[in-house]
Amino acid sequence: MNQSNQATDRESLILRAVWMLIFFFVWQLAELVLLVVVVLQLVMRLVKGYPDSGLQAFGDSLSQYVAQIGRFATFNTERKPWPLSDWPNPRPADVELTNPVPPVPPAEPKDSQQGPTP
């Protein structure tokens, strides 16, 4: 019975190694797609003045997907990434696009020869 468990574990590990190899190539492709998204977002920001919300959402879920592949490949989870599980949902952006507050000018140093100010 012990040999049966070892054989099953070995088959499971071999199957996992095959999945890891497949996801390695998917990772490479996802990195290229993420690079394209980054460049497109930069162009959109330069042209329109603000990032594209659709690209933001896709870029976030794609980066989560790459993280899922990394977690699976490093044995941090047994859950296989998409297409064997759900595609990650995009999270809301944590970028504030408001006008920045102007910096406060530094306080003038007090003259050490003067006494305390009343």
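All values derive from a computational prediction rather than experimental measurement.

Any details on helix 2 (residues 53–73)? Residues and values, ideally.
With 21 residues, helix 2 should reach 30 Å at 1.5 Å per residue; the first-to-last C-alpha distance of 30 Å fits that figure. Along helix 2, the residues classified as buried are Leu-55, Gly-59, Asp-60, Ser-61, Leu-62, Gln-64, Tyr-65, Val-66, Gln-68, Ile-69, Gly-70 and Phe-72. Each element contacted by the buried residues of helix 2 is listed here: helix 1 (2–48). The N-cap residue of helix 2 is Asp-52: its side-chain oxygen and the backbone nitrogen of Gly-54 are 3.2 Å apart.

Could you give an account of a nonpolar patch on the surface, with specific residues and numbers?
A contiguous nonpolar patch, built from Leu-35, Val-39, Leu-42, Val-43, Leu-46 and Val-47 and spanning about 610 Å² of accessible area, is present on the exposed surface. Residue position: Val-39 is located in helix 1. On the basis of relative accessibility, which here comes to 44%, the residue Val-39 falls in the partly exposed class.

Go over the side chain of Gln-64, please, and point to the residues and values.
Mapped onto the fold, Gln-64 is located in helix 2. A distance of 2.9 Å separates a polar side-chain atom of Gln-64 from the backbone oxygen of Asn-89. Look past the residues within four positions of Gln-64 in its chain and what remains in contact with it is Pro-88, Asn-89, Pro-90 and Arg-91.

Describe in detail the environment of Trp-87, supporting the description with residues and values.
Among the secondary structure elements, Trp-87 is positioned in the segment after helix 2. According to the relative accessible area criterion, Trp-87 is partly exposed, its value standing at 30%. In this structure the C-alpha to C-alpha distance between Trp-87 and Gln-64, which are 23 residues apart in sequence, comes to 9.0 Å. Apart from the residues lying within four places of it in its own chain, the contact partners of Trp-87 are Phe-58, Ser-61, Leu-62, Tyr-65 and Trp-82. Looking at Trp-87, its side chain comes within polar contact range of the side chain of Ser-61, at 3.2 Å.

So, the UniProt feature "transmembrane region" (unreviewed entry) in the protein: which residues are in play, and what are the values?
Here the UniProt feature "transmembrane region" (unreviewed entry) sits at residues 20–43. Across residues 20–43 one finds 100% helix and 0% strand; the C-alpha atoms that close the span lie 34 Å apart.

Talk me through the side chain of Gln-68; I want residue IDs and the actual numbers.
Its place among the elements puts Gln-68 in helix 2. The residues contacting Gln-68, other than those within four sequence positions of it, are Arg-79, Pro-81, Trp-82, Asp-86 and Pro-88.

So what's going on with helix 1? Which residues, and what values?
Between its first and last C-alpha, helix 1 extends 65 Å over 47 residues, near the 69 Å set by a 1.5 Å rise per residue. All buried positions along helix 1 are accounted for by Arg-16, Phe-23, Ala-30, Val-37 and Gln-41. Here the buried face of helix 1 lies against helix 2. Residue Gly-49 follows helix 1 closely and has a positive phi angle near 95 degrees.

Cut-offs used in this document
- Each chain has its residues counted from 1, running along the sequence as written.
- Local features in this predicted model are restricted to residues of pLDDT 70 or higher, and side-chain atom pairs are both shown and tallied only at a pLDDT of 80 or more, whereas totals for entire chains, interfaces and linings draw on every residue.
- The basis for the side-chain values is all heavy atoms of the structure; hydrogens and waters are excluded.
- In this text, helices come from DSSP runs of H or I with a minimum length of four residues, and strands from runs of E with a minimum of two, each type numbered from the N-terminal end.
- Residue count minus one, scaled by 1.5 Å, sets the expected span of a helix.
- Each residue gets one of three labels from its accessible area relative to the maximum for its type: buried under 20%, exposed over 50%, partly exposed in between, using a 1.4 Å probe on protein chains only.
- Residues count as neighbours in contact if any of their non-hydrogen atoms are within 4.5 Å of one another.
- We call two N or O atoms a polar contact when they sit within 3.5 Å, provided that within protein one can donate a hydrogen and the other can accept it, with sequence-adjacent residues counted only if both atoms are side-chain atoms.
- For patch building, the residue pool is restricted to those with more than 30% relative accessible area and no salt bridge; the joining distance is 9 Å between like charges and 5 Å between nonpolar side chains (Val, Leu, Ile, Met, Phe, Trp, Tyr).
- For the accessible areas, the method is Shrake-Rupley and the probe is 1.4 Å, while residue cover comes only from the protein chains on display.
- Put simply, a salt bridge is a Lys or Arg side-chain nitrogen that is within 4 Å of an Asp or Glu carboxyl oxygen.
- UniProt positions are given in the numbering used here, feature names are shortened, and annotations may be inferred rather than shown by experiment.

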